[in-house]
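Remarks on the overall topology
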Amino acid sequence: MGWLEGEVALITGGGSGIGRAVALRYLAEGASVAVLGRGTAQLEEVVAAAGDLSDRVLPLTGDVRSPDDLHRAVDATVKRFGKLDILVPNAGIWDYHRSVTKLDGKELSEAFDEIFGINVKGYVLAVEAAWRELVATRGSIVMTLSNASFHTDGGGPLYTASKHACLGLLRQFAYELAPKVRVNGVATGGMRTKLRGPQSLGLQDRTLAASFAKNEATGQEQQPLIPLYDSSVEPEDFTGPYVLLASRANSGTVTGAVIPADGGIAVRGFRSPAGGAGL
Ligand SMILES: NC(=O)c1ccc[n+]([C@@H]2O[C@H](COP(=O)([O-])OP(=O)(O)OC[C@H]3O[C@@H](n4cnc5c(N)ncnc54)[C@H](O)[C@@H]3O)[C@@H](O)[C@H]2O)c1
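Just so it is clear, the model here is predicted, and its values are computed rather than measured.

About the criteria used
- Residues numbered from 1 in each chain as written.
- Predicted model: local features only at pLDDT ≥ 70, side-chain atom pairs only at ≥ 80, totals over all residues.
- Heavy atoms only, no water.
- Helix = DSSP H or I, 4+ residues; strand = E, 2+ residues; numbered from the N terminus.
- Rg over C-alpha atoms; globule rule 2.2 N^0.38 Å.
- Buried < 20%, exposed > 50% of the residue type's maximum accessible area, 1.4 Å probe, protein only.
- Contact = heavy atoms within 4.5 Å.
- Lys, Arg positive; Asp, Glu negative; His and termini not counted.
- Charge placed at Lys NZ, Arg CZ, Asp CG, Glu CD.
- Core = buried A, V, L, I, M, F, W, Y, C linked by side-chain atoms within 4.5 Å.
- Salt bridge = Lys/Arg side-chain N within 4 Å of Asp/Glu carboxyl O.
- Near = heavy atom within 4 Å.
- Polar contact = N/O pair within 3.5 Å; in protein donor to acceptor, adjacent residues only side chain to side chain.
- Areas by Shrake-Rupley, 256 points an atom, 1.4 Å probe, with all protein chains shown as cover.
- Pairing = 2+ DSSP bridges.
- Axes fitted to C-alpha atoms, helices over the stretch in contact; angles between N-to-C directions.

**A closer look at the overall build of the protein**
Looking only at helices and strands, the protein has eight helices and seven strands in total. A compact globule built from 279 residues would reach a C-alpha radius of gyration of about 19 Å, and the protein, at 18 Å, matches this within 12%. A burial count over the protein gives 49% of its 279 residues as buried. For the protein, long-range pairs separated by at least 24 residues make up 75% of all intrachain contacts whose partners lie at least 6 apart in sequence. Within the protein, one finds 27 positive and 30 negative side-chain charges whose respective centroids are separated by 3 Å.

Okay, structure coming up:
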């Protein structure tokens, strides 16, 4: 028996990265899953990856900046699976650490609109489209947050502000939708995904996975300066908290909470990159 037996989830940005990994994990836990994304090919790949469970996957194309697309996605999910229990607002883009000192006002203005349009408005609109169905099932929302929801240098000012904004949304929605709908989040740290940048800065084809820094001498990836410095950066290894928070049996009393899945960024030391790094 899985932890999400019979549940129905809708995941934005579910065609790749952590969204795809959560979709496949939710399937394995017994749920049916609708994955919303911009690219048909990506979404069809998720269906194929589901193998024997593919009849429980519904691929949906749409843009999270469009209220109509999100309402269509919720309607299609309910039509196919009969209800909606779990919403995972997740689609996002990164700013590739572009500093305020490196962009002019026009660039910042355009990138702000694009990043906030996807990362923040996309979350607001997904919740607006889904809350009625979630109230009906007394379901829950599990948002993808980030180390950048709490700490500096997980990106530049635009990404950091957008992810802080999502933390604000999580808390406000947890307040507004109680007691019917629980609202929680997973603040993931760096993962090897194809997270892209804003088109307005010409970064739409660059991927985070390609940016994982290599040590020139060894050819190995540089280890990030975090306590669990040798932990995985594959999205599949970040899915556990999404299951826990969505589980009625195990998180029925939890709302407004965020699980950091970031290797312990908040407990870094001053003297060495990580407490046990020299052991
Ligand atoms: N990769 C990391 O290191 C990392 C760290 C912390 C948080 N995150 C967050 O994880 C989430 C998922 O990113 P990922 O790393 O899996 O990268 P990803 O690029 O694989 O996933 C993002 C998905 O969102 C989709 N998307 C982008 N814009 C969209 C739009 N307008 N409408 C619909 N879909 C859209 C993309 O097509 C893609 O499938 C993002 O919110 C990101 O900020 C990522």
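What follows continues from the structure just given.
**Observations concerning the nonpolar core**
Core analysis: the biggest nonpolar cluster contains 51 residues, and L10, L84, L87, I141, M143 and V183 have the highest contact counts within it. Looking at this core, the elements with two or more residues in it are β1 (8–12), β2 (32–37), β3 (57–61), α3 (67–81), α4 (105–137), β5 (140–146), α5 (157–177) and β6 (182–188). In terms of residue count, α4 provides more of this core than any other element does, 13 residues in total. Not counting chain neighbours up to four residues away, the residues in contact with L87 comprise L10, A126, V127, A130, L134, S140, I141 and V142. Within the second largest apolar cluster, 26 residues are counted, among which are A9, A50, I86 and Y242.

**A word on the pattern of salt bridges**
In the structure shown here, the tally under the stated rule is ten salt bridges. Between R65 and D63 there is a salt bridge; the shortest N-O distance is 3.0 Å. For D63, a relative accessible area of 21% puts it in the partly exposed group. Across the pair R72 and D69 runs a salt bridge whose closest N-O atoms are separated by 2.6 Å. With R72 and D69 both in helix α3, this residue pair falls three residues apart, about one helical turn. Each of the salt bridges in this network shares a partner with another, and the network as a whole consists of E7, K83, D85 and R248.

**Side note on the site of the ligand**
Not every one of the 28 residues close to the ligand is listed here, only the nearest: S16, N90, Y159, M191 and T193. Here a nitrogen atom of the ligand sits 3.1 Å away from a polar atom, N or O, in the side chain of R38. In the environment of the ligand, an oxygen atom lies 2.8 Å from a nitrogen or oxygen atom belonging to the side chain of K163. Its free accessible area being 820 Å², the ligand has 95% of it covered by the protein chains. Where the shell around the ligand is concerned, the elements lending two or more residues are α1 (17–28), α4, β5 and α5.

**Re the side chain of D69**
Classification of D69 as buried rests on a relative accessible area of 16%. Apart from the residues within four sequence positions on either side, D69 is in contact with G62 and D63.

**Description of the sheet that holds β5**
In spatial order, the strands read β3-β2-β1-β4-β5-β6-β7; together these seven strands make up an open sheet with parallel pairing. Edge positions in the sheet fall to β3 and β7 (258–261), since each of these pairs with one other strand and no more. The mean inter-strand angle of the sheet, taken between neighbouring strand axes irrespective of direction, is 15°. Of the strands in this sheet, β1, β2, β3, β4 (86–88) and β5 are in contact with α1, which crosses β1 at around 170°.

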